[in-house]
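# Chains, contacts and geometry: an overview
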Amino acid sequence: MEMGKKHKNMKKTVLITGGAGFIGSHLVRLFVNKYPKYKIINLDSLTYAGNLANLTDVEKSKNYTFIKGDITNEEFIYNLFVKYNFDSVIHLAAESHVDRSITNPMDFIKTNIVGTVNLLNTSKFFWKDKLEDKRFYHISTDEVYGSLGKKGFFTERTAYDPRSPYSASKASSDHLVRAYHHTFGLPIVISNCSNNYGPNQFPEKLIPLMINNILNSKPLPVYGKGENVRDWLYVVDHARAIDKIFHKGKNGNTYNIGGNNEWKNIDLVKTLCGIMDKKLNRKPGTSEKLITYVTDRAGHDLRYAIDSSKLQNELKWEPSLKFDEGFDLTVDWYLNNKVWLENVTSGEYQKYYAKQYIKR
Amino acid sequence: MKVLVTGGAGFIGSHTVVELQNNGFDVIIVDNLSNSSEDVIDKISQISGIKPLFEKIDLCDEEKTKEFFNKHFDIKAVIHFAAFKAVGESVENPLKYYKNNILSLVNILQNMNNHQINNFVFSSSCTVYGQPDKLPVNEKESIKTPLSPYGNTKQICEEVLIDTINSQNNLKAISLRYFNPIGAHKSSLIGELPLGIPNNLIPYITQTAIGKRKSLNVFGNDYNTSDGTCIRDYIHVVDLAEAHIAALKRLLEDKIEEKLEVYNLGTGIGYSVMDVINSFKKVSGVDLNYQFAPRRSGDVEKVWADASLAEKKLNWKAKKNLDEMLLSAWKWEKNIKI
């Protein structure tokens, strides 16, 4: 059966946390458009990375509701469940930037760990023994597996070995989600995804940061020698994988999501420079001159690479785009959405940016 | 959702803890065990399958209470049962009652304010009505001069609560005025465990029936009632416990219409002492040894509740009748192994 047909006529009330963020907004868009009978409630605290401008195209849809709020507030989440009687939670809300986790780990503990437990507790409280058709889906990262050498891949059986406060907080929340499955029988699934890129990503992350700086002819800060390797996935493909796993993933299971698409940071930056030079009609090599090597990030993991064969084989998912296609789309999106970029780069982000890079 | 139950090892407290756990709440009990035993905590775990957190603390101890709340900063609501409750003793030793019942409330409210815990359920009593002018008595009935220091502590506590609520932005509370809670959990693992000579009718009846007491004194048979004995509104303790869950949810869901709401909890039916004795005989098969004795000071003649407000607002109604209440109390008495 083609994915989704079976579900088009089902009714569900789905809480998506962090739905105004980068990955969340793409997921919200997919669900609101694909499942008109689902009630999608997007809960987001709209801190710096959550941005309702990401969702203007779906904000008037009948099956969509936005609520601003904090997942760590127990009474608030309790009342949200009273009001909407969710049968599904897709939990993306998280502090996600590794550099920020190094500067301020406690925020990550509160949002990522305490917030997750609060959602687990509240789901358990309201679902009680009526667990058929219930699902708690935790969206996580491949960073929980730690760092790889030059060879090998993370599989779902790789032992957790998180290295940064960010990945430690996500590992902790993954463990807690699994613990609630084993201890209380809560129906859960977890997915761990590689690095995402695409439209609407906040420009503190590598790709939009580089695009923004190339655009403004500002230095392109590259950590260390730029030899760290990351596996990149187009965000819409991540949302498609979440859709698959949400509907077809086996209760209690974990799925890795990735695109077999490894890049050394420096190669990726140079490729971006080339694309941008072309699109901005600059002389080839112009943007590469902006590359500035900065002191490496503390505890910078060398390489992430993910084996997503379980997802590909069991649930028949595969990336829809090749990396150069995704790259192209992404650059075009940022070039066509300069207002969005200007809006998110003003204020708080500027201060943060200075602290993170200019002093190095 | 973590809920503090003070006096959670006591009679009403323990039954409420079980219902809270059945509803998925995480419970922490504070009790000084002055009128209860730690065994009750184990019995609660046997019934619900979940051992509640328990700390033996005297809530009159300001420092200990403060430490407790600092440690358990994630408490979201408090159900406050802890209090001395013997009418006769309160007449003999009023300061013990004023100190314990009022100071513990003050300490709790102070700490709730410090930690921004905003949901409070208070155990009050129909004694605040004294002998009401009209029956059934509803929540609008004026508060009468109390007939005992115990009754007075409940009145003063309600006043402390009103003043505190009026002075704060976020605190909200429900005060539940119990009529006469009796009976025991169907498991017969928890029930009323009076220390020494019971003050209340039902444990006196069951203890007499089982042979712990020689005979039952019925205080007064010359009241202006059909058979001359006092009339009360008896309510099954599990029904009562369920009302606390309804009250707690009303607070958590912000459905309250006033910052302090007051509800009568009773069945709405009054039974005389003789009705109770007859019903007990019917369900237990035991012919009680009893005699009439002079009226006891401080007893009102008759009182029963108009509990329609609780039905309307809390969507709660007592379900168990007098026979069921007495049968459960009798089973419990037979199961007490002390």
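What you are looking at is a predicted structure, and each value in this text was computed from that prediction instead of being measured.

### Some thoughts on the pairing of strand E5 (residues 119-125) of chain B
Residues and elements named next belong to chain B. Buried residues dominate E5, accounting for 7 of its 7 residues. As paired strands, strand E4 (residues 75-80) and E5 are joined by 4 bridges and run parallel to one another. The residue of E5 that forms the bridge with Ala-77 is Asn-119. As judged from the 7 bridges shared by E5 and strand E6 (residues 172-178), these two strands associate in the parallel manner. Bridge assignment links Ser-124 to a residue of E6, and that residue is Arg-177.

### Focus on the interface of chain A and chain B
Taken residue by residue, the interface counts 7 residues in chain A and 12 residues in chain B. Looking only at chain A, the three residues that lose the most surface to chain B are Glu-74, Glu-75 and Tyr-78 of chain A, adding up to 53% of its buried area. Linking chain A with chain B are 0 salt bridges, by the criterion used here. Taken together, chain A and chain B are joined by 4 residue pairs in polar contact (both at pLDDT 80 or more). Per-element accounting of the side of chain A that touches chain B gives the leading share, 5 residues, to helix H3 (residues 74-84) of chain A. Looking at the side of chain A that touches chain B residue by residue, the class counts come to 3 nonpolar, 1 polar and 3 charged.

### Structural notes on the confidence of the model for chain B
The predicted model of chain B averages 95 in pLDDT, with 99% of residues at 70 or higher. Scoring the predicted complex yields pTM 0.86 and, for the interface, ipTM 0.80.

### What about the sheet that holds strand E9 (residues 229-234) of chain A?
The strands making up a sheet associate through backbone hydrogen bonding, with each pair oriented either parallel or antiparallel. All names here are of chain A. Spatially, 3 strands are ordered E7-E9-E11 in an open sheet, and the strand pairing comes out mixed. Pairing within the sheet leaves two strands with one partner each, and these edge strands are strand E7 (195-197) and strand E11 (262-264). The mean angle between the axes of side-by-side strands here comes to 50°, regardless of whether they run parallel or antiparallel. Inspection of the sheet shows E7 paired to E9 by 3 bridges, in the parallel sense. Its bridge partner being in E9, Tyr-197 is matched across the sheet by Tyr-234.

### Quick look at the nonpolar core
Within the largest apolar cluster, 44 residues are counted, with the highest numbers of intra-cluster contacts made by Leu-20, Phe-25, Leu-176, Leu-314 and Trp-316 of chain B. Mapped by element, the contributors of at least two residues to this core are strand E1 (2-6), helix H1 (11-22), strand E2 (26-31), helix H2 (39-48), E4, E6, helix H8 (237-252) and strand E11 (260-265) of chain B. The element that contributes the greatest number of residues to this core is H8 of chain B, accounting for 10 residues. By size, the runner-up hydrophobic cluster in this structure holds 32 residues, among which are Leu-220, Ile-291, Phe-323 and Trp-333 of chain A.

### Digging into the packing of helix H2 (residues 22-34) of chain A against helix H8 (residues 235-248) of chain A
All names here are of chain A. Interhelical geometry of H2 versus H8 gives an angle of 60° and a closest axis separation of 9 Å. In terms of orientation, H2 and H8 fall into the oblique class. Relative to H8, H2 is oriented so that their crossing is right-handed. Of the residues in H8, those touching H2 at Phe-22, Ile-23, His-26, Leu-27, Leu-30, Phe-31 and Lys-34 are Val-235, Val-236, His-238, Ala-239, Arg-240, Ile-242, Asp-243, Phe-246 and His-247.

### Remarks on H8 of chain B
Residues and elements named next belong to chain B. The end-to-end C-alpha distance of H8 is 23 Å, a good match for the 22 Å that 16 residues give at a rise of 1.5 Å each. Of all the 16 residues making up H8, 14 are buried; the element is thus mostly covered by neighbouring parts of the structure. After H8 finishes, the residue Asp-254 shows a positive phi value of roughly 55°.

### Concerning the pattern of salt bridges
All names here are of chain A. Following the criterion strictly, the structure yields 30 salt bridges over all chains and no others. Across the pair Arg-297 and Asp-99 runs a salt bridge whose closest N-O atoms are separated by 2.7 Å. Taken together, the residues span a long stretch of sequence, with Arg-297 in the loop between strand E12 (291-294) and helix H10 (309-314) and Asp-99 in helix H4 (residues 98-103) at a distance of 198 residues. You'll find Arg-297 and Asp-99 in the same group, each marked buried.

### Thoughts on the side chain of Arg-250 of chain B
You can see Arg-250 of chain B is positioned in helix H8. A polar atom in the side chain of Arg-250 of chain B sits 3.4 Å from the side chain of Glu-257 of chain B.

### Some details on the sheet that holds E1 of chain B
All names here are of chain B. Spatially, 7 strands are ordered E3-E2-E1-E4-E5-E6-E11 in an open sheet, and the strand pairing comes out parallel. Each edge of the open sheet carries a strand with a single partner, namely strand E3 (53-56) and E11. In this sheet, neighbouring strand axes are inclined to one another by 20° on average, regardless of whether the strands run parallel or antiparallel. Two elements, E1 and E2, share 5 bridges in a ladder whose sense is parallel. In the sheet register, Val-5 faces E2, and the bridge partner there is Ile-29.

### Looking at unusual backbone geometry
Residue and element names in this part refer to chain B. Looking along the chain, the bond that leaves Leu-135 and enters Pro-136 is cis, with omega of -5°. Of note, Pro-136 is situated in the loop between E5 and helix H6 (149-167). Within the chain, Leu-33 stands out as a residue other than glycine whose phi angle is a positive 60°. Note on placement: Leu-33 falls in the loop between E2 and H2.

### Comments concerning the environment of Ser-308 of chain A
Residues and elements named next belong to chain A. By the secondary structure assignment, Ser-308 is in the loop between E12 and H10. Note on Ser-308: relative accessible area 2%, which makes it buried. Considered as a pair, Ser-308 and Leu-15 are 293 residues apart in the sequence and their alpha carbons are 26 Å apart. Among residues more than four places away in sequence, those in contact with Ser-308 are Asn-256, Ile-257, Gly-258 and Trp-317.

### Quick word on the side chain of Thr-208 of chain B
Residues and elements named next belong to chain B. As for its placement among the helices and strands, Thr-208 is situated in helix H7 (residues 201-210). Given the relative accessible area of 8%, Thr-208 is considered buried. Filtering out sequence-adjacent residues up to four positions away, Thr-208 remains in contact with Arg-213, Lys-214, Ser-215, Leu-216, Leu-288 and Asn-289.

### Here we look at the environment of Glu-301 of chain B
All names here are of chain B. Mapped onto the secondary structure, Glu-301 falls in the loop between strand E13 (290-293) and helix H10 (308-313). Spatially, the C-alpha atoms of Glu-301 and Tyr-223 are 6.4 Å apart, while their sequence positions differ by 78 residues. Discounting chain neighbours no more than four positions away, the residues touching Glu-301 are Gln-131, Tyr-223, Asn-224, Thr-225, Cys-230, Ile-231 and Arg-232.

### Concerning the packing of aromatic side chains
Applying the stated criterion to the full structure yields 29 aromatic pairs over all chains. Ring centres 5.4 Å apart and planes at 90° place the aromatic pair Phe-68 of chain B and Phe-69 of chain B in the edge-to-face group. An identical accessibility class is assigned to Phe-68 of chain B and Phe-69 of chain B; each is buried. Ring centres 5.9 Å apart and planes at 80° place the aromatic pair Tyr-290 of chain B and Phe-292 of chain B in the edge-to-face group. Taking the relative accessible area as the measure of exposure, Tyr-290 of chain B reaches 31% and is therefore partly exposed. Overall, the relative accessible area of 39% leaves Phe-292 of chain B in the partly exposed class. Three or more aromatic residues joined by ring pairs make a cluster, and in this case those are Tyr-78, Phe-81, Tyr-84, Phe-86, Phe-125 and Phe-126 of chain A together with Phe-25 of chain B. Across from the ring centre of Tyr-255 of chain A, 4.5 Å away, lies the NZ or CZ of Lys-310 of chain A, which sits over that ring.

About the thresholds
- Residues numbered from 1 in each chain as written.
- Chains lettered and ligands numbered in written order.
- Predicted model: local features only at pLDDT ≥ 70, side-chain atom pairs only at ≥ 80, totals over all residues.
- Heavy atoms only, no water.
- Buried < 20%, exposed > 50% of the residue type's maximum accessible area, 1.4 Å probe, protein only.
- Helix = DSSP H or I, 4+ residues; strand = E, 2+ residues; numbered from the N terminus.
- Pairing = 2+ DSSP bridges.
- Contact = heavy atoms within 4.5 Å.
- Buried area = accessible area lost by both parts, 1.4 Å probe.
- Salt bridge = Lys/Arg side-chain N within 4 Å of Asp/Glu carboxyl O.
- Polar contact = N/O pair within 3.5 Å; in protein donor to acceptor, adjacent residues only side chain to side chain.
- Nonpolar A, V, L, I, M, F, W, Y, C, P; charged D, E, K, R; others polar.
- pLDDT = per-residue confidence, 0-100.
- Axes fitted to C-alpha atoms, helices over the stretch in contact; angles between N-to-C directions.
- Core = buried A, V, L, I, M, F, W, Y, C linked by side-chain atoms within 4.5 Å.
- Parallel < 35°, antiparallel > 145°, perpendicular 65-115°, else oblique.
- Left-handed = near helix turned anticlockwise from the far one by under 90°.
- Expected span 1.5 Å × (residues − 1).
- Phe/Tyr/Trp six-rings, centres within 6.5 Å; stacked < 30°, edge-to-face > 60°.
- Lys NZ or Arg CZ within 6 Å of the ring centre and 35° of its normal.

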